[in-house]
Amino acid sequence: MPATILVVEDEPAIRELVVLNLQQAGHRPVVADSAELALASMRDALPDLILLDWMLPGMSGVEFARRIKADAYTRQVPIIMLTARGDEQDKITGLEIGADDYITKPFSPRELNARIKAVLRRLAPEMAGDLVEMAGLRLDPATHRVAGNDRTIELGPTEFRLLHFFMTRPERVHSRAQMLDQVWGNHVFVEDRTVDVHIRRLRRALEASGHDVLIQTVRGSGYRFSARAEE
Ligand code: CA
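Residues numbered from 1 in each chain as written. Predicted model: local features only at pLDDT ≥ 70, side-chain atom pairs only at ≥ 80, totals over all residues. Heavy atoms only, no water.

**Considering helix α9 (residues 192-206)**
Step number 1: Between its first and last C-alpha atoms α9 spans 22 Å; for 15 residues at 1.5 Å apiece the expected length is 21 Å, and the two agree.
Step number 2: When α9 is considered as a whole, its buried residues turn out to be Val 195, Asp 196, His 198, Ile 199, Leu 202 and Leu 206.
Step number 3: At its buried positions, α9 is contacted by β7 (137-140), β9 (151-153), α7 (157-167), α8 (176-184), β11 (215-218) and β12 (222-225). (Helix = DSSP H or I, 4+ residues; strand = E, 2+ residues; numbered from the N terminus. Expected span 1.5 Å × (residues − 1). Buried < 20%, exposed > 50% of the residue type's maximum accessible area, 1.4 Å probe, protein only. Contact = heavy atoms within 4.5 Å.)

**Some points on the pattern of salt bridges**
Step number 1: Applying the stated criterion to the full structure yields 12 salt bridges.
Step number 2: A salt bridge links Glu 9 to Lys 105; the shortest N-O distance between them is 3.1 Å. Of this pair, Glu 9 sits in the loop between β1 (4-8) and α1 (12-24) while Lys 105 is found in strand β5 (residues 101-105), placing the two residues 96 residues apart along the sequence.
Step number 3: Here Arg 115 ties to Asp 101 by a salt bridge, and the two come within 3.2 Å at their closest N and O atoms. Taken together, the residues Arg 115 in helix α5 (residues 109-123) and Asp 101 in strand β5 connect sequence positions 14 residues apart.
Step number 4: Each of Glu 9, Glu 11, Asp 53 and Lys 105 takes part in salt bridges that share partners, so that together they form one network. (Salt bridge = Lys/Arg side-chain N within 4 Å of Asp/Glu carboxyl O.)

Below, the structure written as structure tokens:
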């Protein structure tokens, strides 16, 4: 599945090379030549992953990563740092702050893509396209089929993405804003209410097999997908 990847890099030549690589791998790159611009872009929409140069003018990569990991809304976005060869201390600092991986410059397109894939697989399992199963509910991203207790469930494309999002992130509370961002995608101006409409449709589709109870409303916060009974 294509991922939206925020590239924070001030050197135009490297930025263009990375963007080209990402496009060829089927991803959607979003670029920022400073940490300040990257923060502004993340206020509009969260990327699936951040490629972060460590040496930036203005706010440093370290400071940017600290802010991202300190904010509950942005903390979940994985960061791969781009560091210069031999800067061992940078790598250690970055991993301590919460960066998920690092790549040493210069890197090959193959290495870049492999690291991105590994991080996405670990942190955003729905990107990896693996079959997911929970409490007798099965979703196969490869065939776009959903079954509840072995009976086929028909879902619209949005409900399918919504269910996939839930099943790969169980037991967590998701705000409507987070769901809009991650299920509906970037720069889509839809209202929070839209989430509720699709949740209703998804629950109705899951009713036949009794899986509608897995979608729990968390008052004042959003929704949770859980196989445990509601308190
Ligand atoms: Ca730089």
